[in-house]
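Commentary on secondary and tertiary structure
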Amino acid sequence: MHSKTKVIPVVSTKGGEGKSTQAANLGGFLADAGIKTLIIDGDHAQPTASSIYPLEYEAPCGLYELLMQTVDLSQAENIISRTAFTNLDVIVSNDPRNLLPTYMLNVADGRVRLRNALSNSVFSQYDVILIDSQGSRSVMSELIILAATGEMIGMVKPVLPDVREFMRGTVALMEELLPYMAFGISLPSIRMLVNCMDYTLLAKTTVEQAESIILGGDYSQHSDKIVINMLQTRIYDLDVYKQGHAAGQPVHRLEKKTSRKSDSAFDSMHKLACELFPEWKHKFDVLAEEGGSK
């Protein structure tokens, strides 16, 4: 992998936390800011991320062939599909019979296959690779996490059972990967992103409880190796995220300003991008000045 390419998995062991939606929206924002971005749809069971945006070109191969090592990577168009948006490409999920988990579980190098595949020069053209994942604890989630270059986004809703499941499920998943550190693979730090935030006292209290658990390091006896910190950006529970799906558009293009108390969709994506990629803040600010789309 190109040393400058950032590979960021979007993970939660619970389904329905909004991983696919936010991976797609973040990818769309980065692309409009001039950041060359690839979204890998790693949710083989419910491939949402690769179907949100219209494709200008659909490659004959996808995640299945990439992990089964049956695709010739010397030609980018064999594996990489292009969306209708400049700077935004996709590797589609194409495992309808759900064969990948069993195969990856039983092959010796299964958990490092994606990591190894992304070291191919075809991927060095990208600044950022976002990997959507399935909401479960599985070998597929593990191989996606091990492909990270430093950080991963952990998605959670501000509901106590969801926070508990995140702490229990995602942290347990990370603990199972600790042995890979002996092979020189460092585990990504988890940037926890609160999705579907609202203005109720309950949501606020839940987020505060999650923050105190994280700050206290009480989530794992290996909290020195499994690092969690909470992103300050909150993604609010807004209809515009559903509209984005329906329109096949990144939300920052649909809502620039708002009279609501919460941030507009553009402001949320701008804040999130600045927090995750501070080195490109100037590009995100230029996009803000231009009014949100290329």
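Above this text you will find the structure in question.
Residues numbered from 1 in each chain as written. Predicted model: local features only at pLDDT ≥ 70, side-chain atom pairs only at ≥ 80, totals over all residues. Heavy atoms only, no water.

This part is about the environment of Leu 287. Following the sequence through the fold, Leu 287 ends up in helix α11 (residues 281-290). Taking relative accessible area as the criterion, Leu 287 reaches 0% and is therefore assigned buried. For the pair Leu 287 and Leu 177, spaced 110 residues apart in the sequence, the C-alpha separation amounts to 38 Å. (Helix = DSSP H or I, 4+ residues; strand = E, 2+ residues; numbered from the N terminus. Buried < 20%, exposed > 50% of the residue type's maximum accessible area, 1.4 Å probe, protein only.)

Here the structure, examined in full by the defined rule, presents 6 aromatic pairs. Centroid distance Phe 29 to Phe 266: 5.6 Å. Interplanar angle 65°. Geometry classified as edge-to-face. Taken together, the residues span a long stretch of sequence, with Phe 29 in helix α1 (residues 19-32) and Phe 266 in helix α10 (residues 265-276) at a distance of 237 residues. For the pair Phe 29 and Phe 284, a centre-to-centre distance of 5.6 Å together with 50° between the ring planes defines the contact as tilted. (Phe/Tyr/Trp six-rings, centres within 6.5 Å; stacked < 30°, edge-to-face > 60°.)

Right, let's talk about the nonpolar core for a bit. Within the largest apolar cluster, 59 residues are counted, with the highest numbers of intra-cluster contacts made by Leu 30 and Phe 284. The residues contacting Phe 284, other than those within four sequence positions of it, are Phe 29, Leu 30, Ala 33, Ile 35, His 270, Ala 273, Cys 274 and Phe 277. Formed by 29 residues, the second largest nonpolar core is a distinct cluster that contains Leu 100, Tyr 126, Met 140 and Ile 144. (Core = buried A, V, L, I, M, F, W, Y, C linked by side-chain atoms within 4.5 Å. Contact = heavy atoms within 4.5 Å.)

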